[in-house]
Amino acid sequence: MTLIRLSGVTKRFPPSTKGGDPVVAVDDVDLDIAAGTVCGIVGYSGAGKSTVLRLVNALETPTSGRVEIDGRDITGLRERELRALRGDIGMIFQQFNLFDSRTVAGNVAYPLEVAGRSRTEVKERVSELLDFVGLAGKARNYPEQLSGGQRQRVGIARALATNPRILLADEATSALDPDTTQEVLALLKRVNTELGVTILVITHEMEVVRAIADRVVVMEHGRIIESGEVFEVLSSPQQPATRRFVASIIDEVPSGEKLAALTRRHPGRIVTFTIREGDATQADVFAALSSHGARFELIHGGINDIRGRVFGHLTLAVTGDDDAVERAITAASQHAPLIEEDVRG
Ligand SMILES: Nc1ncnc2c1ncn2[C@@H]1O[C@H](COP(=O)(O)OP(=O)(O)OP(=O)(O)O)[C@@H](O)[C@H]1O
């Protein structure tokens, strides 16, 4: 079931200089996000990601097109309906946006107080949420006494306070170090799987998508240039911008300078095989190479786990007499596609 739907959505902002052109932040975007899934929107700065997020929680209204939540057009909602909508959408931010003057418990309590819940209810819910995010022992601390990862966990607890069905994450891990990023991503995954919350993350880090998203949408200049199931997009990116994002987490097939350097450094024939779940395993390729008496060394690439599925490029230097090398490579290529090779002159 579709929970969030953008149909033909365009958002234009007035020109930044007098007489200039309007800024088209979002350009004819169609997007369907199914309930209970995690969708990642990736793009460089200025691609239009934040504007999409702000359209989803009705902080912006589209210039044209429709934004629907659960089948309902959210443009032109009245104040009361807007409040109800926002209660159904939690949000977390890169800079956490906590109240420094409130304790951890006070931060998490805030949306419940605004919603007019009783003191007992607030107390119970806050303690339940702090347990969930693993911060039960920090209730009385202030944000400045916490690490970045802990602050974001408070942000997540606060965003979940009113039991929203949707969580919007705006570069939620961009200010964190890699280990803390993984912790926060693991927590977001639990929010999705254990609480059933639909999550829309916007990020410029493909790692975030690899770790938690089911589907990915790549934006450039306000448009969606590529989208699909995470494994499909990461293992077979079509657009140059998507390839650049994917290359930040998955070693590409070496070419140009990189291939020349590998060729200089390693004797033998340099070949690259693609390992894609469902086809061959690394072991199949290695066994095929060895069975023909060639020797080989892994010189670039490796295997990645994308949402529990295997994908990667293995670049090998294969040595031995010419015949053995030829037979070994032919045998291995029966298992996995041979995508590039460089024969030394
Ligand atoms: N309120 C606004 N007024 C004018 N222009 C805006 C406004 N909000 C966004 N823009 C412009 O719209 C374009 C898309 O911005 P947006 O913030 O959505 O991109 P983004 O992909 O989220 O980038 P970033 O990661 O830097 O936030 C940019 O050119 C931006 O300058």
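Every value quoted in this text rests on a predicted model; they were computed, and no experiment measured them. (Residues numbered from 1 in each chain as written. Predicted model: local features only at pLDDT ≥ 70, side-chain atom pairs only at ≥ 80, totals over all residues. Heavy atoms only, no water.)

Topic: the overall build of the protein chain
When helices and strands are counted, the protein chain shows 12 helices and 14 strands. For the protein chain, the spread of C-alpha atoms along the three principal axes comes to 80 × 55 × 40 Å. Across the 345 residues of the protein chain, 46% fall into the buried class. Looking at the protein chain alone, contacts between residues at least 24 apart form 71% of all its contacts between residues at least 6 apart. When the accessible surface of the protein chain is split by element, carbon and sulfur atoms take 46% of a total near 16600 Å². Between the centroid of the 40 positive side chains of the protein chain and the centroid of its 47 negative side chains there is a distance of 7 Å. (Helix = DSSP H or I, 4+ residues; strand = E, 2+ residues; numbered from the N terminus. Buried < 20%, exposed > 50% of the residue type's maximum accessible area, 1.4 Å probe, protein only. Contact = heavy atoms within 4.5 Å. Areas by Shrake-Rupley, 256 points an atom, 1.4 Å probe, with all protein chains shown as cover. Lys, Arg positive; Asp, Glu negative; His and termini not counted. Charge placed at Lys NZ, Arg CZ, Asp CG, Glu CD.)

Overview of the sheet that holds strand 6 (residues 89-93)
The strand order 6-7-8-3-9-10 describes an open sheet built from 6 strands, whose pairing is mixed. At either margin of the open sheet sits one strand with a lone partner, and together these are strand 6 and strand 10 (223-229). Across the sheet, the axes of successive neighbouring strands diverge by a mean angle of 15°, strand direction being ignored. Two strands pair when backbone bridges link them, and strand 9 (residues 215-220) and strand 10 are joined in this way by 6 bridges, in the antiparallel orientation. The partner of Val216 across the bridge, within strand 10, is Gly228. Most of the contacts of helix 6 (residues 178-195) go to strand 8 (residues 198-203), to which it runs at about 150°, and overall it touches strand 3 (38-42), strand 6, strand 7 (166-170) and strand 8. (Pairing = 2+ DSSP bridges. Axes fitted to C-alpha atoms, helices over the stretch in contact; angles between N-to-C directions.)

A closer look at the sheet that holds strand 1 (residues 2-13)
The 4 strands lie next to each other as 2-1-4-5, forming an open sheet whose pairing is antiparallel. What marks the edges here is a single partner per strand, and that holds for strand 2 (23-34) and strand 5 (72-73). Both strand 1 and strand 2 contribute to a ladder of 8 bridges, which runs antiparallel. Of the residues in strand 2, the one forming a bridge with Phe13 is Val23.

Concerning the packing of helix 3 (residues 104-114) against helix 5 (residues 148-160)
Packed helices, taken two at a time, are described by the angle between their axes plus the distance between the axes. For the pair helix 3 and helix 5, the least separation of the axes is 7 Å and the interaxial angle reads 30°. Considering the angle they form, helix 3 stands roughly parallel to helix 5. Judged by the twist between their axes, the crossing of helix 3 over helix 5 is right-handed. Of the residues in helix 5, those in contact with Val104, Asn107, Val108 and Pro111 of helix 3 are Val154, Ala157 and Arg158. Here the contact of helix 3 with helix 5 is composed, by residue class, of 5 nonpolar, 1 polar and 1 charged. (Parallel < 35°, antiparallel > 145°, perpendicular 65-115°, else oblique. Left-handed = near helix turned anticlockwise from the far one by under 90°. Nonpolar A, V, L, I, M, F, W, Y, C, P; charged D, E, K, R; others polar.)

A closer look at the side chain of Thr315
You can see Thr315 is positioned in strand 13 (residues 309-319). In this structure the side chain of Thr315 is engaged in a polar contact, spanning 2.9 Å, whose partner is the side chain of Thr272. Setting aside residues no more than four positions away along its own chain, Thr315 makes contact with Pro254, Leu262, Ile270, Val271, Thr272, Glu297, Leu298, Ile299 and His300. (Polar contact = N/O pair within 3.5 Å; in protein donor to acceptor, adjacent residues only side chain to side chain.)

Here's the deal with the UniProt feature "domain: ABC transporter" (unreviewed entry) in the protein chain
According to UniProt, the positions carrying the feature "domain: ABC transporter" (unreviewed entry) are residues 4-246. Its end C-alpha atoms 26 Å apart, residues 4-246 is made of 38% helix and 26% strand. (UniProt positions renumbered as here; feature names shortened; annotations may be inferred.)

A word on the domain arrangement of the protein chain
A common measure of how large an interface is: the accessible area buried when the components associate. Segmentation of the protein chain into domains returns domain 1 (2-247) and domain 2 (256-342). Taking only C-alpha atoms, the centre of domain 1 and the centre of domain 2 are 40 Å apart. Carbon and sulfur atoms make up 53% of the surface buried where domain 1 meets domain 2, a total of about 840 Å² over both sides. Among the residues domain 1 hides against domain 2, the three largest losses belong to Arg210, Phe231 and Ser235. Together they make up 65% of the total. The interface formed by domain 1 and domain 2 includes 3 salt bridges. Its salt-bridge partner being Arg309, residue Glu229 comes within 3.6 Å of it at the nearest N-O pair. Where domain 1 touches domain 2, the interface holds 5 residue pairs in polar contact (both at pLDDT 80 or more). (Domains from an automatic or database assignment. Buried area = accessible area lost by both parts, 1.4 Å probe. Salt bridge = Lys/Arg side-chain N within 4 Å of Asp/Glu carboxyl O.)

Considerations on the site of the ligand
The immediate surroundings of the ligand are formed by Phe13, Val23, Ala25, Tyr44, Ser45, Gly46, Ala47, Gly48, Lys49, Ser50 and Thr51. At a separation of 2.7 Å, an oxygen atom of the ligand approaches a polar backbone atom of Gly46. The contact in question runs from an oxygen atom of the ligand to an N or O atom on the backbone of Ala47, over 3.0 Å. Burial of the ligand by the protein amounts to 59% of the accessible area it has alone, namely 630 Å². (Near = heavy atom within 4 Å.)

Here's the deal with the nonpolar core
Counting residues in hydrophobic clusters, the biggest one holds 51 residues, and the most contacted among them are Ile92, Val133, Ile156, Leu167, Leu188, Val191 and Ile199. What Leu167 contacts, discounting residues up to four positions off in sequence, is Gly90, Met91, Ile92, Ala159, Leu188, Val191, Val197, Thr198, Ile199 and Leu200. Residues Leu3, Ile4, Val26 and Ala47 belong to the second largest nonpolar core, which totals 30 residues. (Core = buried A, V, L, I, M, F, W, Y, C linked by side-chain atoms within 4.5 Å.)

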